[in-house]
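Examination of the molecular architecture
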Amino acid sequence: MRKPSTRRSILTGAAAAAAFSLAPGSARAQAPARRYQPARHSQDEWLDGVPGTHRTIIDCASTASAGAAMLFANNLYVGNSRVYQLKESDVAVVVCLRHMATAFAFNDAVWAKYGQALSEAVSFTDPKTGRAPSVNLLDAPGFGGQLPNAGITISSVVKRGTHFAVCDMATNRLAGLVATATKGVQEAVYTEFVRNLIPNSHLMSAGVVAVNRAQEYGYTLLTAV
């Protein structure tokens, strides 16, 4: 008569063990948490090649913010040097030139040829003359506080190690506007733009994509205004 009791005890114990193993707090019920890892793409690999143990991307979408970005980039090098005694190679800085700021991704050859059309496209004029520039003013000396870069030129931050992510969508759009204004061909103007990018430039599919990818590569975001 004791056998059924024993059988019931075994079944009860097995059920209890199964219930415990499936309980929310049990070790078996808790699946290991998946750590998010962003996908990597060959187009973005250059972001990992910029030397530096501290990474910052400066996002610019207007002509004014493009100038401010040169000042901010310079401040990152100076601030890290003065207080932390870091070398310029310890500081990775990428400036994203997108939307209206993209006009400053082109060198003097472009501004000499298309300055009037670019000036109208992004509503930017020489503060000294009130006219369309014939050079990239963010790489021109002698303006000081008349421009948001406060005299910090593109060439000077490039020398320190700054790289540029350039919005391809905006480059295409500006090429179209310039082509219309000059009765040219958009594809031809676009090709000229790409061939005359400022040093350390990397053409990205879109500026907003560049900002996203940089943060996935460990760059902190600094928005220039």
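Remember, it's a predicted structure, so these values are computed and weren't measured experimentally.

Reading guide: rules and limits
- Residues numbered from 1 in each chain as written.
- Predicted model: local features only at pLDDT ≥ 70, side-chain atom pairs only at ≥ 80, totals over all residues.
- Heavy atoms only, no water.
- Buried < 20%, exposed > 50% of the residue type's maximum accessible area, 1.4 Å probe, protein only.
- Helix = DSSP H or I, 4+ residues; strand = E, 2+ residues; numbered from the N terminus.
- Pairing = 2+ DSSP bridges.
- Disulfide = S-S within 2.5 Å.
- Salt bridge = Lys/Arg side-chain N within 4 Å of Asp/Glu carboxyl O.
- Axes fitted to C-alpha atoms, helices over the stretch in contact; angles between N-to-C directions.
- Parallel < 35°, antiparallel > 145°, perpendicular 65-115°, else oblique.
- Left-handed = near helix turned anticlockwise from the far one by under 90°.
- Contact = heavy atoms within 4.5 Å.

**A closer look at the pairing of strand S3 (residues 163–167)**
The buried fraction of S3 is high, at 5 of 5 residues. The alternating pattern of S3 places His163, Ala165 and Cys167 on one face and Phe164 and Val166 on the opposite face, and all of these are buried. In this structure, strand S2 (residues 91–97) lies alongside S3, joined through 4 bridges in parallel fashion. Paired with Val94 across the two strands is His163, which belongs to S3. Pairing between S3 and strand S4 (residues 201–204): 4 bridges, direction parallel. Residue pairing in the sheet places Phe164 in a bridge with Ser201 of S4.

**Side note on the state of the cysteines**
This model, assessed by the stated rule, comprises 0 disulfides. Residue Cys96 stays outside any disulfide, its sulfur separated by 7.1 Å from that of Cys60, the closest cysteine. In this model Cys167 remains outside any disulfide bridge; the closest cysteine sulfur is found in Cys96, 7.1 Å from its own. The exposure class of Cys167 is buried, given its relative accessible area of 7%.

**Considering the pattern of salt bridges**
If you walk through the whole model with that rule in mind, you get 5 salt bridges. The partner of Glu88 in a salt bridge is Arg160, with the nearest N and O atoms 2.8 Å apart. Taken together, the residues span a long stretch of sequence, with Glu88 in the loop between helix H3 (63–84) and S2 and Arg160 in helix H5 (residues 154–160) at a distance of 72 residues. Owing to a relative accessible area of 35%, Glu88 belongs among the partly exposed residues under this scheme. Taking relative accessible area as the criterion, Arg160 reaches 25% and is therefore assigned partly exposed.

**Things to note about the packing of helix H4 (residues 108–122) against helix H7 (residues 186–195)**
Where H4 meets H7, the axes come as close as 11 Å, and the angle between the chain directions of the two elements is 125 degrees. As far as their axial angle goes, H7 and H4 are oblique. For the pair H4 and H7, the crossing hand works out as left-handed. Mapping the contact onto sequence places Val110, Lys113, Tyr114 and Leu118 in H4 and Val189, Glu192 and Phe193 in H7.

**So, the side chain of Thr63**
Relative to the helices and strands, Thr63 resides in helix H3. With relative accessibility at 17%, the residue Thr63 sits in the buried group. Those residues in contact with Thr63 that sit more than four places away from it in its chain are Met100, Ala101, Phe104, Val122 and Phe124.

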